[in-house]
Amino acid sequence: MSISLPPVSPPLPHVQRWKRDVSAKSALDWLAAGWRDFTVYPGQSLAYGVLVFFISDAVVFGLFRFGADYILLPAVSGFMVVGPLLALGLYEKSRRLEAGARPTFKSMIFVRPASGGQVLFTGALLSLLMLTWLRAAVIIYALFFGVRPFPGFQNISQILFTTEVGWTILIVGAFVGAIFAAFSFAISAFSLPMLLDERVDAFTAMGSSMALVWNNLGAALAWGAIVLALMLISLAMGFVGLIVLFPIVGHGAWHAYRAMNAPPVGVASASDIGRTIA
């Protein structure tokens, strides 16, 4: 007596939830879209850039005023950590333009995220991450120079670029800083626009952002490189470049979120996942 086995059904097609049809060249499209948003009611974006410029100058002045200039370099590099949080109003302008609504400077300053207080939680986490980086930078300095006081900017540049110890601390500091920057970029690149746009919790948004970055690494790295280059240009201009470049990057970041957050057919969005968990 023979036993016939039922036919084996072929496996269902596997849908990659976090993979998007974007290439590294897409980062240039996001930047171009950011420029287009900047040119619509440009006064609002320029005013926002001026505000960011004054905040940056006030922080630098405060560091010198209270004798904390020794953390100026790591604080400037830490701007990349909290920058996405400062751009929240720019996301709001791009969101309103996309919806066909007229943005106002008031709406850019007093933003009402769809996720409510979850944005504050993410902002607190990014601020804590920046403080941790500042502490790590101080520890790195102490490991190489001991407990000697900071020699001041008139002497530190010569020490860093003309001595073996200086080059070593630059390499170690750049490596450690890159780890902090990579982690902060991964959790904030798309989470803050998501928290503005969707009713989702902070952990879901940050986890989704990290998954999107990891599964679309080429486009994410290209966008991160563009942001870094523009921020370095602003730094070389004494923060004046922030008045124009920061709004363009902020608007571009919204379009990067839109391109990345569109789920494949049959896959739930992050907001749907968040509601299901809740």
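Everything numeric in this text was worked out from a predicted model, so none of it was measured.

Caption draft 1: Local environment of the layout of surface pockets. By volume, the second largest pocket is sized at about 250 Å³. Those elements giving two or more residues to the lining of the second largest pocket turn out to be helix 2 (42–65), helix 3 (72–77) and helix 4 (79–86). Among the elements that make up the lining of the second largest pocket, the one with the highest residue count is helix 2 (five residues). Of the residues that constitute the lining of the second largest pocket, the class distribution is 13 nonpolar, one polar and no charged.

Caption draft 2: Main features of the environment of Tyr-141. In this fold, Tyr-141 is placed in helix 7 (residues 118–145). Considered as a pair, Tyr-141 and Ile-71 are 70 residues apart in the sequence and their alpha carbons are 10.0 Å apart.

Caption draft 3: Here's a closer look at the packing of aromatic side chains. In this structure the tally under the stated criterion is seven aromatic pairs. The lysine or arginine in question, Arg-65, covers the ring of Phe-66, its NZ or CZ lying 5.8 Å from the ring centre.

Caption draft 4: Here's a closer look at helix 1 (residues 26–39). The end-to-end C-alpha distance of helix 1, which contains 14 residues, comes to 20 Å, matching closely the 20 Å that a straight helix rising 1.5 Å per residue would cover. Among all positions of helix 1, only Ser-26, Ala-27, Trp-30, Ala-33, Gly-34, Asp-37 and Phe-38 are buried. The buried residues of helix 1 all sit within an arc of 145° when viewed along its axis, so they share a single face. Turned more than 90 degrees off the buried face of helix 1, the exposed positions are Leu-28 and Asp-29. The inward-facing, buried residues of helix 1 contact helix 2, helix 5 (88–98), helix 12 (217–236) and helix 13 (242–261). Following helix 1 by one or two positions, Tyr-41 has its phi on the positive side, about 50°.

Cut-offs used in this document
- Residues numbered from 1 in each chain as written.
- Predicted model: local features only at pLDDT ≥ 70, side-chain atom pairs only at ≥ 80, totals over all residues.
- Heavy atoms only, no water.
- 1 Å grid on protein atoms, 1.4 Å probe; cavity = no way out; pocket = protein on both sides within 12 Å on 5 of 7 lines; lining within 4 Å.
- Points joined across faces, edges and corners; volume = space filled by probe spheres on them.
- Helix = DSSP H or I, 4+ residues; strand = E, 2+ residues; numbered from the N terminus.
- Nonpolar A, V, L, I, M, F, W, Y, C, P; charged D, E, K, R; others polar.
- Phe/Tyr/Trp six-rings, centres within 6.5 Å; stacked < 30°, edge-to-face > 60°.
- Lys NZ or Arg CZ within 6 Å of the ring centre and 35° of its normal.
- Expected span 1.5 Å × (residues − 1).
- Buried < 20%, exposed > 50% of the residue type's maximum accessible area, 1.4 Å probe, protein only.
- Arc of directions from axis to C-beta.
- Contact = heavy atoms within 4.5 Å.

Structural measurements only, silent on function.
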